[in-house]
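# Observations on chain architecture
In case you want the letters, here they are:
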Amino acid sequence: MNDENQDLVKNSYFLHPGCIYIPSEPTLISTVLGSCVSICMYDKKRRTGGMNHFLFPYILDKDKATARYGNVAVLALINFMVDSGSKIQDLEVQLFGGAHNPLICKNNIGLDNITIARKILSKKRIHIVSEDVGGERGRKVVFNTATNEVAVAKVEKLRQLDWFPYNQKR
(Lines give C-alpha, C1' and ligand atoms only; values in the text may rest on other atoms or scores of the structure.)
Protein backbone atom coordinates (compact mmCIF):
# COMPACT_ATOMS: atom_id res chain seq x y z
CA MET A 1 0.00 0.00 0.00
CA ASN A 2 1.47 3.37 -0.95
CA ASP A 3 1.70 6.33 1.46
CA GLU A 4 -1.29 8.09 -0.08
CA ASN A 5 -3.54 5.07 0.48
CA GLN A 6 -2.14 4.55 3.95
CA ASP A 7 -3.16 8.10 4.87
CA LEU A 8 -6.71 7.38 3.69
CA VAL A 9 -7.10 4.47 6.09
CA LYS A 10 -6.90 5.35 9.74
CA ASN A 11 -9.11 2.52 10.99
CA SER A 12 -8.56 -1.20 11.23
CA TYR A 13 -10.99 -3.94 12.14
CA PHE A 14 -10.59 -7.66 12.73
CA LEU A 15 -13.50 -9.63 11.27
CA HIS A 16 -14.42 -12.68 13.33
CA PRO A 17 -15.92 -15.85 11.81
CA GLY A 18 -19.66 -15.59 11.27
CA CYS A 19 -19.61 -11.79 10.94
CA ILE A 20 -20.13 -9.11 8.30
CA TYR A 21 -18.62 -5.63 8.42
CA ILE A 22 -19.34 -2.59 6.26
CA PRO A 23 -17.53 0.44 7.68
CA SER A 24 -18.75 4.00 7.22
CA GLU A 25 -15.21 5.25 6.53
CA PRO A 26 -12.07 3.77 4.92
CA THR A 27 -10.89 0.77 6.92
CA LEU A 28 -8.43 -2.10 6.74
CA ILE A 29 -10.47 -5.20 7.47
CA SER A 30 -8.46 -8.31 8.33
CA THR A 31 -9.40 -11.91 8.98
CA VAL A 32 -7.88 -15.38 9.16
CA LEU A 33 -9.30 -18.22 7.05
CA GLY A 34 -8.98 -21.98 6.89
CA SER A 35 -11.95 -23.75 5.30
CA CYS A 36 -14.00 -20.57 5.83
CA VAL A 37 -14.60 -18.14 2.98
CA SER A 38 -14.54 -14.35 2.93
CA ILE A 39 -15.95 -12.08 0.28
CA CYS A 40 -14.45 -8.61 -0.09
CA MET A 41 -17.14 -6.60 -1.84
CA TYR A 42 -16.34 -3.22 -3.38
CA ASP A 43 -18.48 -0.51 -4.91
CA LYS A 44 -16.30 0.93 -7.67
CA LYS A 45 -18.46 4.08 -8.03
CA ARG A 46 -18.73 4.96 -4.32
CA ARG A 47 -15.23 3.63 -3.48
CA THR A 48 -16.41 1.78 -0.42
CA GLY A 49 -16.50 -1.84 0.60
CA GLY A 50 -17.44 -4.50 3.08
CA MET A 51 -16.49 -8.04 3.98
CA ASN A 52 -18.02 -11.22 5.34
CA HIS A 53 -16.52 -14.38 6.85
CA PHE A 54 -18.60 -17.55 6.85
CA LEU A 55 -17.88 -21.04 8.17
CA PHE A 56 -20.44 -23.33 6.53
CA PRO A 57 -22.04 -23.34 3.08
CA TYR A 58 -25.73 -23.20 3.96
CA ILE A 59 -28.52 -23.57 6.50
CA LEU A 60 -32.10 -24.38 5.62
CA ASP A 61 -33.66 -23.76 9.04
CA LYS A 62 -34.67 -20.08 8.99
CA ASP A 63 -34.74 -20.00 12.80
CA LYS A 64 -31.01 -20.82 12.87
CA ALA A 65 -29.97 -18.68 9.90
CA THR A 66 -26.97 -16.47 10.75
CA ALA A 67 -23.94 -15.08 8.94
CA ARG A 68 -22.07 -18.26 9.92
CA TYR A 69 -23.63 -19.76 6.76
CA GLY A 70 -22.73 -18.80 3.20
CA ASN A 71 -26.28 -18.71 1.87
CA VAL A 72 -27.07 -16.10 4.54
CA ALA A 73 -23.75 -14.20 4.69
CA VAL A 74 -23.41 -13.63 0.93
CA LEU A 75 -26.95 -12.35 0.49
CA ALA A 76 -26.70 -10.23 3.65
CA LEU A 77 -23.47 -8.58 2.46
CA ILE A 78 -25.09 -7.76 -0.89
CA ASN A 79 -28.21 -6.40 0.82
CA PHE A 80 -26.19 -4.32 3.31
CA MET A 81 -24.16 -2.78 0.48
CA VAL A 82 -27.32 -1.96 -1.50
CA ASP A 83 -29.04 -0.59 1.61
CA SER A 84 -26.05 1.70 2.18
CA GLY A 85 -26.42 3.20 -1.33
CA SER A 86 -24.62 0.80 -3.70
CA LYS A 87 -26.09 -0.44 -6.97
CA ILE A 88 -25.64 -4.10 -7.92
CA GLN A 89 -24.04 -3.18 -11.26
CA ASP A 90 -21.32 -1.20 -9.42
CA LEU A 91 -20.31 -4.07 -7.14
CA GLU A 92 -17.36 -6.38 -7.64
CA VAL A 93 -15.95 -9.12 -5.46
CA GLN A 94 -12.70 -10.71 -4.44
CA LEU A 95 -13.12 -14.22 -3.00
CA PHE A 96 -10.77 -15.90 -0.52
CA GLY A 97 -10.42 -19.06 1.56
CA GLY A 98 -11.99 -22.47 1.29
CA ALA A 99 -8.89 -24.51 2.16
CA HIS A 100 -9.18 -28.21 2.87
CA ASN A 101 -6.88 -30.17 5.13
CA PRO A 102 -7.85 -33.85 4.87
CA LEU A 103 -5.91 -34.58 8.08
CA ILE A 104 -8.27 -32.32 10.04
CA CYS A 105 -11.59 -33.01 8.30
CA LYS A 106 -12.62 -35.70 5.85
CA ASN A 107 -15.38 -33.58 4.28
CA ASN A 108 -14.27 -30.73 2.03
CA ILE A 109 -16.31 -27.93 3.61
CA GLY A 110 -13.98 -25.39 1.98
CA LEU A 111 -15.04 -26.45 -1.52
CA ASP A 112 -18.71 -26.32 -0.51
CA ASN A 113 -18.17 -22.78 0.86
CA ILE A 114 -16.53 -21.65 -2.39
CA THR A 115 -19.32 -23.22 -4.46
CA ILE A 116 -22.16 -21.51 -2.58
CA ALA A 117 -20.43 -18.11 -2.80
CA ARG A 118 -19.88 -18.45 -6.55
CA LYS A 119 -23.43 -19.66 -7.12
CA ILE A 120 -25.08 -16.74 -5.32
CA LEU A 121 -22.75 -14.13 -6.83
CA SER A 122 -23.40 -15.52 -10.31
CA LYS A 123 -27.16 -15.48 -9.74
CA LYS A 124 -26.96 -11.83 -8.60
CA ARG A 125 -24.64 -11.03 -11.54
CA ILE A 126 -21.85 -9.73 -9.35
CA HIS A 127 -18.47 -10.19 -11.00
CA ILE A 128 -15.60 -11.93 -9.18
CA VAL A 129 -12.53 -9.88 -10.21
CA SER A 130 -10.01 -12.03 -8.33
CA GLU A 131 -9.85 -15.01 -6.06
CA ASP A 132 -7.44 -17.09 -4.04
CA VAL A 133 -9.36 -20.19 -3.00
CA GLY A 134 -8.91 -23.87 -2.23
CA GLY A 135 -5.66 -25.65 -1.55
CA GLU A 136 -4.53 -26.88 1.83
CA ARG A 137 -3.16 -23.68 3.38
CA GLY A 138 -4.86 -21.13 5.58
CA ARG A 139 -4.84 -17.46 4.69
CA LYS A 140 -4.48 -14.12 6.40
CA VAL A 141 -6.44 -11.51 4.46
CA VAL A 142 -6.31 -7.70 4.74
CA PHE A 143 -8.82 -5.66 2.69
CA ASN A 144 -8.59 -1.90 2.13
CA THR A 145 -12.19 -0.73 1.75
CA ALA A 146 -11.10 2.58 0.18
CA THR A 147 -9.05 1.15 -2.69
CA ASN A 148 -10.14 -2.50 -3.11
CA GLU A 149 -6.56 -3.62 -2.48
CA VAL A 150 -6.16 -6.97 -0.75
CA ALA A 151 -3.11 -8.57 0.78
CA VAL A 152 -3.14 -12.35 1.25
CA ALA A 153 -0.57 -14.37 3.14
CA LYS A 154 -0.82 -18.14 2.91
CA VAL A 155 0.24 -19.98 6.04
CA GLU A 156 1.05 -23.61 6.68
CA LYS A 157 -0.66 -23.60 10.05
CA LEU A 158 -2.89 -21.03 11.73
CA ARG A 159 -1.52 -20.15 15.15
CA GLN A 160 -3.29 -18.63 18.12
CA LEU A 161 -1.23 -15.44 17.73
CA ASP A 162 -2.61 -14.99 14.18
CA TRP A 163 -5.95 -14.05 15.73
CA PHE A 164 -6.91 -10.60 16.93
CA PRO A 165 -6.18 -9.08 19.35
CA TYR A 166 -2.65 -9.57 18.16
CA ASN A 167 -0.16 -10.12 20.90
CA GLN A 168 3.55 -10.35 21.66
CA LYS A 169 5.78 -12.02 19.05
CA ARG A 170 3.75 -11.36 15.93
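A quick note: this is a predicted structure, and the numbers were derived from the prediction, not measured.

Below, the discussion takes up helix α2 (residues 70–83). For α2, with 14 residues, the first-to-last C-alpha span of 19 Å sits near the 20 Å given by 1.5 Å per residue. Looking at α2, one finds that the buried residues are Gly70, Ala73, Val74, Ala76, Leu77, Ile78 and Met81. In this structure, the buried side of α2 is in contact with β2 (19–21), β4 (37–43), β5 (48–54), β6 (91–97) and α3 (109–123).

This part takes up unusual backbone geometry. In this model, Arg125 sits at a positive phi of 60°, which is unusual for a non-glycine residue. Summarising the element assignment, Arg125 is placed in the loop between α3 and β7 (127–133). Take Arg125: its relative accessible area is 75%, and that puts it in the exposed class. Within the chain, Asn148 stands out as a residue other than glycine whose phi angle is a positive 70°. Within the secondary structure, Asn148 sits in the loop between β8 (138–144) and β9 (150–155).

Taken together, five strands build an open sheet; the order of strands is β2-β5-β4-β6-β7 and the sheet is mixed. At either end of the open sheet lies a strand with only one pairing partner, and these are β2 and β7. Adjacent strand axes in the sheet meet at a mean angle of 10°, parallel and antiparallel pairs treated alike. Where α2 meets the sheet, it contacts β2, β4, β5 and β6, and its direction lies at approximately 165° from that of β5. Sheet strands touched by α3: β4, β5, β6 and β7. Its angle to β4, the strand with the most contacts, is close to 25°.

Let us now look at the nonpolar core. One finds Ile39, Met41, Val74 and Leu121 to be the most contacted residues of the largest nonpolar core, which totals 19 residues. Within the residue set of this core, elements represented by two or more residues are β4, α2, β6 and α3. Setting aside residues up to four positions removed in sequence, Leu121 forms contacts with Ile39, Met41, Val74, Ile78, Val93, Ile126 and Ile128. Membership of the second largest hydrophobic core comes to ten residues, among which are Leu15, Ile29, Leu55 and Val141.

Quick notes on the rules
Residues numbered from 1 in each chain as written. Predicted model: local features only at pLDDT ≥ 70, side-chain atom pairs only at ≥ 80, totals over all residues. Heavy atoms only, no water. Helix = DSSP H or I, 4+ residues; strand = E, 2+ residues; numbered from the N terminus. Expected span 1.5 Å × (residues − 1). Buried < 20%, exposed > 50% of the residue type's maximum accessible area, 1.4 Å probe, protein only. Contact = heavy atoms within 4.5 Å. Pairing = 2+ DSSP bridges. Axes fitted to C-alpha atoms, helices over the stretch in contact; angles between N-to-C directions. Core = buried A, V, L, I, M, F, W, Y, C linked by side-chain atoms within 4.5 Å.

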